[in-house]
Amino acid sequence: MTETQFNGSAARPGNVPVQRDGTARTADLAAKLSERAQEIIARYPADRSRSALLPLLHLVQSEEGYVSPAGVEFCAETLGLNKAQVGAVATFYTMYKRRPTGDWLVSVCTNTMCNVLGGQQVYDTLTEHLGVGHDETTPDGTITLEHAECLAACDYGPVMTVNYDFFDQVDPDTAVAVVNELRGGGRPQPSRGARLCTLKEMSFQLAGFADPRAEAVADGLAGDPTLAGLRLAQQHSVSVAGFDPNTPIGSRDGGDKPAPASARPAAATGSTAPDVKGPDDKSPQVRTAETRNPDARTPVPDAPGTKTPSADVPPGQGDAPAAEAAGAAANRPAGDGKPAGDGADAQERSLKAAASGGPASPAVASEEGTEQ
């Protein structure tokens, strides 16, 4: 199979495509995607470009049909990351596919609610009908089947999604009818939302680009259970106090005033260090990371012997090591002996102490017994 066949309509995601040299493949992707990649990166502050990784992975998937090794390398080179960092993100989120996927990703919920309502029967029927199992693609490259743990639509169960658009209250027959229409080149109307789009088209939208299809907006309906609360509110004239639907949405350029500061005192953090102004202007995220993983420049407020940081005196280079040494010295190593009161008569001593109103500590009870 040639690369052209793999990237075109004759692709067979169930097979392993012929891979070109990784460097050449990454260069091909860069030529196709660099302009849109820079457009994505420009949405973020200059010093936060790595935040563009998620939409960049969707952009790769919109071209490749999955997050390919070349796509991982492209993202890494574009954002100045290493491939391990990109791969860690791509393997964490299930919407990123790590091997070639069909045009239509069919997901059947087999979690508790949908399972009770027949979700497992729907999945089993599709498995037999399509001849594939979980995370497998039909030989014609059209459909990839998967079971999903939860699709967050329990009030519509059992549910099935096609590229994450919902088909509600399905049964084995309706599920088979949907996949047959997909394999025949059709695009069945979901129960809710716009018309279906292919996996690549969906990934393009998740990368942050508008769907160019004229029928893509306001084409579907909302589900009845979703509208139940709204209808009840209208029926009983329930509304938010002081709500004006004609109030314009404020913007930063419109001179909106920030919300007034709360007079409520800050919640206790559990630290024994006094609340003082930090010695620098680090972000809360950096401060949290340094608190969890202190280095030689990071004060450890709760360690014995540590100087409390102040706005005038920055922490010294030796503060953190000294605090660590002091803390280690203050903690005696654990012994192998059993704790006092852990013997066979521990329960009897505790009962006697409780009855007499005396100390319940086994160690104290043991000392009193010795004196007698």
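Residues numbered from 1 in each chain as written. Predicted model: local features only at pLDDT ≥ 70, side-chain atom pairs only at ≥ 80, totals over all residues. Heavy atoms only, no water.

Caption draft 1: Here's a closer look at a nonpolar patch on the surface. Together, Leu54, Phe92 and Tyr93 give the surface a local cluster of nonpolar side chains, amounting to about 320 Å² of exposed area. With respect to the helices and strands, the residue Leu54 is situated in helix α3 (residues 53-64). Residue classification places Leu54 among the partly exposed positions, given a relative accessible area of 34%. (Patch = residues over 30% accessible without salt bridge, like charges linked within 9 Å, V, L, I, M, F, W, Y side chains within 5 Å. Areas by Shrake-Rupley, 256 points an atom, 1.4 Å probe, with all protein chains shown as cover. Salt bridge = Lys/Arg side-chain N within 4 Å of Asp/Glu carboxyl O. Helix = DSSP H or I, 4+ residues; strand = E, 2+ residues; numbered from the N terminus. Buried < 20%, exposed > 50% of the residue type's maximum accessible area, 1.4 Å probe, protein only.)

Caption draft 2: Seen up close, helix α5 (residues 83-92). All of the buried residues along α5 are Val86, Gly87 and Ala90. Down the axis of α5, the buried set is contained in an arc of 100 degrees. They therefore lie on one face. Exposed residues lying more than 90 degrees from the buried face of α5 are Ala84 and Phe92. Packing partners of the buried residues in α5 comprise α3 and α4 (69-79). For α5, the capping residue at the N-terminal end is Asn82, with a side-chain oxygen 3.1 Å from the backbone nitrogen of Ala84. (Arc of directions from axis to C-beta. Contact = heavy atoms within 4.5 Å. Polar contact = N/O pair within 3.5 Å; in protein donor to acceptor, adjacent residues only side chain to side chain.)

Caption draft 3: Structural context of the pairing of strand β1 (residues 104-109). With respect to burial, β1 is a largely interior element, six of its six residues being buried. For β1 and strand β3 (residues 143-148), the ladder comprises six bridges, and the chain directions are parallel. Across the sheet, residue Cys109 finds its bridge partner in β3, namely Ala148. Sheet topology note: the β1/strand β4 (residues 160-162) ladder contains three bridges and is antiparallel. (Pairing = 2+ DSSP bridges.)

Caption draft 4: Representation of the pattern of salt bridges in the model. A complete count under the given rule lists nine salt bridges for this structure. With its nearest N and O atoms 3.3 Å apart, the salt bridge here joins Lys32 to Glu63. Of this pair, Lys32 sits in helix α2 (residues 22-41) while Glu63 is found in helix α3, placing the two residues 31 residues apart along the sequence. With a relative accessible area of 45%, Lys32 lands in the partly exposed category. When its relative accessible area of 24% is taken as the criterion, Glu63 is described as partly exposed. Asp140 is the partner of Arg183 in a salt bridge, and the nearest nitrogen-oxygen pair spans 3.6 Å.

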